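Structure assessment
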Amino acid sequence: MNRTRAMTQRLDRIPAPLNPKSKFNGITRPVLIVLMMISRQAARDGIIPAAPSVSIPRQESVRHDSDHSEGEDVVAPRQVEALYRAVPGQWAIMVPLAACRLPLVACRLPLVAWCQLRRGECLGLQRRDIERHDDGSATLHVRRQLNANTGDYTDTRSDAGKRSLTIPKLMTARLKQHLADNVTAEAKAPVVPASVRAGDRG
């Protein structure tokens, strides 16, 4: 717990990218959520005896500074590509699955450049949610999400959250390769596995 507390204090000292003068930086909370998810999975896998208690701060707004430009909100395609290549192969597919939930005007690309899923929706995807078609295209069905607090699958936030998306051509080959390299053949195998060649989570 002392290590977690020390890490939290270090995270809190990182200046907010949007506004260095802000009291909150928008960094601490998501890092601790990921740590909590990793700890709980490690406990389920028997790597550690029990997941430590991680105190998650509530979400606070980080306001832009006076020099902010709307163009700074947009993730450029080259940035998405750089992040995709930097993330370990097992989890890299989450980058295009979640990329560009912000406006894409400055990107000069259509909204279907990436899938724009929330984190929980990405982690809730299973092999059976990807439907391939004879013409080479594919459809992604969002049916559930992974709850960061419990580590269990839950319904999407609303009925509207259950939706089907055409997988952009930009992603089709990469997703196919990801499934071959990282996901077992079971219908319920998670698309974003918790461990190498992860199997059915139930």
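Before going into details, it helps to say that this report is about the structure given with it. (Residues numbered from 1 in each chain as written. Predicted model: local features only at pLDDT ≥ 70, side-chain atom pairs only at ≥ 80, totals over all residues. Heavy atoms only, no water.)

Bringing the overall build of the protein chain into the picture now. A count of helices and strands for the protein chain gives 7 helices and 5 strands. For the protein chain, the sequential pattern of α-helices and β-strands runs α-α-α-α-α-α-β-β-β-β-β-α. Looking at the protein chain residue by residue over its 202 residues, the buried ones come to 35%. Here the analysis covers contacts within the protein chain between residues at least 6 apart in sequence; of these, 53% occur between residues at least 24 apart. (Helix = DSSP H or I, 4+ residues; strand = E, 2+ residues; numbered from the N terminus. Buried < 20%, exposed > 50% of the residue type's maximum accessible area, 1.4 Å probe, protein only. Contact = heavy atoms within 4.5 Å.)

With that out of the way, let us pick up the nonpolar core. Ranked by size, the top nonpolar core spans 24 residues in total, and within it Leu97, Leu117, Ile130, Leu140 and Ile167 carry the most contacts. Sorting the residues of this core by element identifies helix H2 (28-44), helix H5 (94-98), helix H6 (119-124), strand S2 (138-142) and helix H7 (169-182) as the ones contributing at least two each. With sequence-adjacent residues up to four places away left out, Leu140 is seen in contact with Leu97, Cys115, Leu117, Leu125, Asp129, Ile130, Arg163, Ser164, Leu165 and Ile167. Grouped together as the second largest cluster of nonpolar side chains are 5 residues, Val80, Ala92, Val95 and Trp114 included. (Core = buried A, V, L, I, M, F, W, Y, C linked by side-chain atoms within 4.5 Å.)

For the rest of this paragraph, the subject is the sheet that holds S2. Read from one edge to the other, the open sheet built from 3 strands follows the order S1-S2-S5, with strand pairing classed as antiparallel. For this open sheet the edge positions go to strand S1 (130-132) and strand S5 (163-166), each flanked by a neighbour on one side alone. Taken pair by pair, the neighbouring strands of this sheet meet at an average axis angle of 25°, ignoring direction. Pairing geometry for S1 and S2, over 3 bridges, is antiparallel. Bridge pairing in S2 links Glu131 to Thr139. (Pairing = 2+ DSSP bridges. Axes fitted to C-alpha atoms, helices over the stretch in contact; angles between N-to-C directions.)

With that settled, consider H2. Between its first and last C-alpha atoms H2 spans 24 Å; for 17 residues at 1.5 Å apiece the expected length is 24 Å, and the two agree. Thr28, Leu32, Ile33, Met36, Met37, Ser39, Gln41 and Ala42 are the residues of H2 that are buried. Close packing links the buried residues of H2 with helix H1 (2-12), H6 and strand S3 (145-146). Gly46 sits one or two residues past H2 and shows a positive phi near 80°. (Expected span 1.5 Å × (residues − 1).)

All right, on to the side chain of Arg144 then. For Arg144, the position within the fold is in the loop between S2 and S3. By relative accessible area, Arg144 is classed as buried at 10%. Engagement of the side chain of Arg144 in a polar contact is seen with the backbone oxygen of Gly124, the distance being 2.9 Å. At 2.5 Å, the side chain of Arg144 forms a polar contact with the side chain of Asp129. (Polar contact = N/O pair within 3.5 Å; in protein donor to acceptor, adjacent residues only side chain to side chain.)

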